[in-house]
Amino acid sequence: MKHAALIVLSLCLGSTAMAQQYSNVTDSTAIVDKPRQKEAGMYRNILKTNLSSIALNNYSLTYERMLTRKISASLGYRYMPKGALSKSMLGEKVMDYVKEDGDDDLQNQLDKLEMSGGALTAEFRIYTGSRPGAKGFYAGIYGRYSNFKYNFPYDFEKPDNTTTLVPLNGKSSGIGGGLILGGQFMIAKRVVVDLYIIGAHYGKMTGKVEGLTDLSDLDEADRTELKNELEELIEIGGEKNITADVRNDGVRADIKMPFLGVRGLGLTIGFAF
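Residues numbered from 1 in each chain as written. Predicted model: local features only at pLDDT ≥ 70, side-chain atom pairs only at ≥ 80, totals over all residues. Heavy atoms only, no water.

(A) Quick peek at the overall build of the chain. When you go through the chain residue by residue, the secondary structure sums to four helices and twelve strands. Relative to its 273 residues, the chain shows a buried fraction of 36%. In the chain, once contacts between residues fewer than 6 apart in sequence are set aside, the share between residues at least 24 apart is 66%. Accessible surface for the chain amounts to roughly 16600 Å². Of this, 62% is attributable to carbon and sulfur atoms. (Helix = DSSP H or I, 4+ residues; strand = E, 2+ residues; numbered from the N terminus. Buried < 20%, exposed > 50% of the residue type's maximum accessible area, 1.4 Å probe, protein only. Contact = heavy atoms within 4.5 Å. Areas by Shrake-Rupley, 256 points an atom, 1.4 Å probe, with all protein chains shown as cover.)

(B) Just unusual backbone geometry, in detail. One non-glycine residue, Asn57, adopts positive backbone phi at about 65°. With respect to the element layout, Asn57 can be found in the loop between β1 (45–50) and β2 (59–66). If you check the backbone angles, Leu265 has positive phi at about 50° while not being a glycine. With respect to the secondary-structure elements, Leu265 resides in the loop between β11 (250–263) and β12 (266–272). The exposure class of Leu265 is exposed, given its relative accessible area of 69%.

(C) Main features of the environment of Leu67. For Leu67, the location among the structural elements is in the loop between β2 and β3 (71–84). A C-alpha to C-alpha distance of 9.6 Å links Leu67 and Phe124, two positions 57 residues apart in sequence. The contacts of Leu67, once residues within four sequence positions are left out, are Ser72, Ala73 and Phe124.

(D) Representation of the pattern of salt bridges in the model. Scanning the entire structure with this criterion turns up twelve salt bridges. Asp155 serves as the salt-bridge partner of Lys112, at 2.0 Å between the closest nitrogen and oxygen. Taken together, the positions of Lys112 in helix α3 (residues 104–112) and Asp155 in strand β5 (residues 136–157) put the pair 43 residues apart, joining distant regions of the chain. When its relative accessible area of 26% is taken as the criterion, Asp155 is described as partly exposed. A salt bridge links Asp194 to Arg125, with the shortest nitrogen-to-oxygen separation between them at 2.8 Å. Here Arg125 lies in strand β4 (residues 114–127) and Asp194 lies in strand β7 (residues 191–212), a separation of 69 residues in the sequence. (Salt bridge = Lys/Arg side-chain N within 4 Å of Asp/Glu carboxyl O.)

(E) Quick peek at the nonpolar core. In this structure, Tyr154, Val166, Leu168, Leu215, Leu226, Leu230 and Val251 are the most contacted members of the largest nonpolar core, which totals 23 residues. Among the elements of the structure, β5, β6 (163–186), β7, α4 (220–231), β10 (242–247) and β11 are those that each provide at least two residues to this core. If near-sequence neighbours (up to four positions away) are discounted, Val166 is found in contact with Phe152, Pro153, Tyr154, Gly211, Thr213, Leu215, Leu226 and Val251. In this structure, Met42, Tyr142, Val192 and Ala272 belong to the second largest nonpolar core, which totals eleven residues. (Core = buried A, V, L, I, M, F, W, Y, C linked by side-chain atoms within 4.5 Å.)

(F) Main features of the confidence of the model for the chain. Of all residues in the chain, 77% have pLDDT values of 70 or greater, and the mean over the chain is 83. Across residues 1–38, confidence stays below pLDDT 50; counting only partners more than four residues off in sequence or on other chains, it has zero contacts. (pLDDT = per-residue confidence, 0-100.)

(G) Summary view of α4. Compared with an ideal rise of 1.5 Å per residue, which puts twelve residues at 16 Å, α4 spans 17 Å between its outermost C-alpha atoms and is within 8% of the ideal. Here α4 has its buried residues at Asp222, Arg223, Leu226, Glu229, Leu230 and Glu231. In this fold, the buried residues of α4 make contact with β5, β6, β8 (235–236), β9 (239–240), β10 and β11. Capping the start of α4, Asp219 holds a side-chain oxygen 3.2 Å from the backbone nitrogen of Ala221, two or three residues further along. (Expected span 1.5 Å × (residues − 1). Polar contact = N/O pair within 3.5 Å; in protein donor to acceptor, adjacent residues only side chain to side chain.)

What follows is the structure, given as structure tokens:
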């Protein structure tokens, strides 16, 4: 009986020690998992739209996903329906400046320009701060693909003061990459505000333009003048970016130019989930 009691007592003490050891492991695991639970509770997804781009008749939607506690990836699409650039909110401001400058010919030409297009942007961001999630100031790198369609009824004024209409229609696309700095903040439980502070990208844009119409009445001097005018439509740094060919059946032109863009003081609002 004495030996049996000792065996039972040993088993009880062993069970108590094992229970205490298990409790300690559980407590330490809970302590280790606390930050993980906190990070797991952050919003990992954000849908947002750029409010400032509406001034240019652009409408966008971007999806952002957290990859780690402070690094995210996003994919956004921007669409610009067909319309006159001079009729957009920002375009009207530009036209007011042109009117003040007194350049009636430029104003008449810009009034006729119609464009449509879209852009696909992929971006990676690193957020600052100790709190997890897509919040705080950030630095990002992004790549962008854009395409455009445009209609431009170009009035060519000949030396005899008669005008020939050249209906220019074109397509172009550009691809490039750049950097951006900004800040993203939660202003409510699930409402996000993203403020682009400054950013820019650089790449290459190519395209083709056609203006099919009867130009057989133009002499050689007129064709040279029309060619020069068209090639001077886009000049960057004193370099022409259009190569035009004037024929009896119209105009054909190639576009090769830098794909430049600036992102600054843009306001985006979104929903986190």
